[in-house]
Each structure stands twice: as C-alpha cells, then as structure tokens.
Amino acid sequence: DNKYFPGQIFYVNKIGLLWKQPVKNLRHSDCVLLLLGGNVAGFKLKLFLIYNSGNPRTLKNVSKHSLLIYYHHNKTPWRTSALFEDWLLNCFVPQAREYCKQKTTSFKIFYFYF
C-alpha cells in the first residue's frame, strides 16, 4: 500500500568544498557546504549553500528571494540541526509540495538524506 511514484521520492546529499587552503594550516581555509537534492523523476531542488559570512561581497546587491540557491551562514560551514530544520521547513517542503501540486500528485513524499 505504501507505493510511491518517482516524483514523490527525493534524494538529498551534502558536499563540502574547500578552497584557499594554506599549506601549513588547514583550519584557516575557506569552506562551503552544499546540499543538493532532487527526485527520481528529475526535478531538482534549490541548492542549499552554507558559508561563514552573513553578507558575502558577491551577494551584496542581490535579494535573497531572487537567488537560485537557499543561502545561510554559520560560523563553521558544517550543518547544524537548526540549519537543517530551517532548510527542511522553508525550502524543501514548499518546493516538494509545489511540485506535487503541479503534477497533481498527493503530497506524500519519501526522502533519503546522506
């Protein structure tokens, strides 16, 4: 009875990206965390980007609502339960609900997170 259609099955994974890595001290390298996801039918969720700056220069004149990513900042780029909950409730659920509504599918979803 618990059959899911491909549009109701979502997969989410995280990727850490390091750059500007000093040769002697790894702790002072810049790092971002990306959370990528989509469903089996090919729908892609907004990227979730966590970086240590609340106001990065590259996003200086950009509205948060016009971004193709869901941006959040944290002192360390690693996820916390509060950040994950914020992403889940304010990004993932609305996008999944809208997808199901457009496809006239019930909002019964199954997701994997690694």
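Notes on the structure in this doc start here.

Procedures and definitions
Residues numbered from 1 in each chain as written. Predicted model: local features only at pLDDT ≥ 70, side-chain atom pairs only at ≥ 80, totals over all residues. Heavy atoms only, no water. Helix = DSSP H or I, 4+ residues; strand = E, 2+ residues; numbered from the N terminus. Contact = heavy atoms within 4.5 Å. Buried < 20%, exposed > 50% of the residue type's maximum accessible area, 1.4 Å probe, protein only. Polar contact = N/O pair within 3.5 Å; in protein donor to acceptor, adjacent residues only side chain to side chain. Phe/Tyr/Trp six-rings, centres within 6.5 Å; stacked < 30°, edge-to-face > 60°. Pairing = 2+ DSSP bridges. Core = buried A, V, L, I, M, F, W, Y, C linked by side-chain atoms within 4.5 Å.

1. A look at the overall build of the chain
Move 1: A count of helical and extended segments in the chain gives one helix and five strands.
Move 2: Of the regular secondary structure in the chain, the N- to C-terminal order runs β-β-β-β-α-β.
Move 3: Long-range contacts, defined here as pairs at least 24 residues apart, represent 46% of the contacts in the chain between residues at least 6 apart.

2. Some points on the side chain of Q8
Move 1: Mapped onto the elements, Q8 comes out in the segment before β1 (9-19).
Move 2: Residue Q8 is classed as buried on the basis of its relative accessible area, which comes to 1%.
Move 3: A distance of 3.2 Å separates the side chain of Q8 from the backbone oxygen of K108, its partner in a polar contact.
Move 4: Aside from chain neighbours lying at most four places away, what touches Q8 is K3, T105, S106, K108, I109 and F110.

3. Focus on the environment of D30
Move 1: Relative to the elements of secondary structure, D30 occurs in strand β2 (residues 30-39).
Move 2: Through-space distance from the C-alpha of D30 to that of Y51 is 8.6 Å; in sequence the pair is 21 residues apart.

4. A word on the packing of aromatic side chains
Aromatic ring pairs: the centre-centre distance and the angle between the two ring planes describe each pair.
Move 1: Counted according to the given criterion, the structure contains nine aromatic pairs.
Move 2: Here the aromatic rings of F43 and Y99 are separated by 4.8 Å at their centres, their planes lie at 35 degrees, and the arrangement is tilted. A residue pair is termed long-range when its members are at least 10 positions apart, and F43 in the loop between β2 and β3 (47-51) and Y99 in helix α1 (residues 81-102) qualify at 56 residues.
Move 3: Ring centres 5.6 Å apart and planes at 40 degrees place the aromatic pair F84 and W87 in the tilted group. Here F84 pairs with W87, and both are found in helix α1, just three residues apart, close to one helical turn. The burial state of F84 is the same as that of W87; both residues are buried.
Move 4: An aromatic cluster is defined as three or more aromatic residues linked by ring pairs; in this entry it consists of F10, F48, Y70, F84, W87, F92 and Y111.

5. Things to note about the pairing of β2
Move 1: Judged by how many residues are buried, β2 sits mostly within the fold: eight of ten residues are covered.
Move 2: Across three bridges, β2 lies against β3 in antiparallel orientation. By the bridge assignment for β3, L35 is matched with F48.

6. Considering the nonpolar core
Move 1: Ranked by internal contacts, the top residues of the largest apolar core, which has 16 residues, are L35, L45, F48, W87 and F92.
Move 2: Secondary structure elements with two or more residues in this core: β1, β2, β3 and α1.
Move 3: Here this core takes eight residues from α1, the largest share from any one element.
Move 4: Leaving out residues up to four positions away in the same chain, L35 has contacts with V12, N13, K14, K46, L47, F48, F84, W87 and Y113.
Move 5: Formed by five residues, the second largest nonpolar core is a distinct cluster that contains L49, Y51, I69 and Y71.

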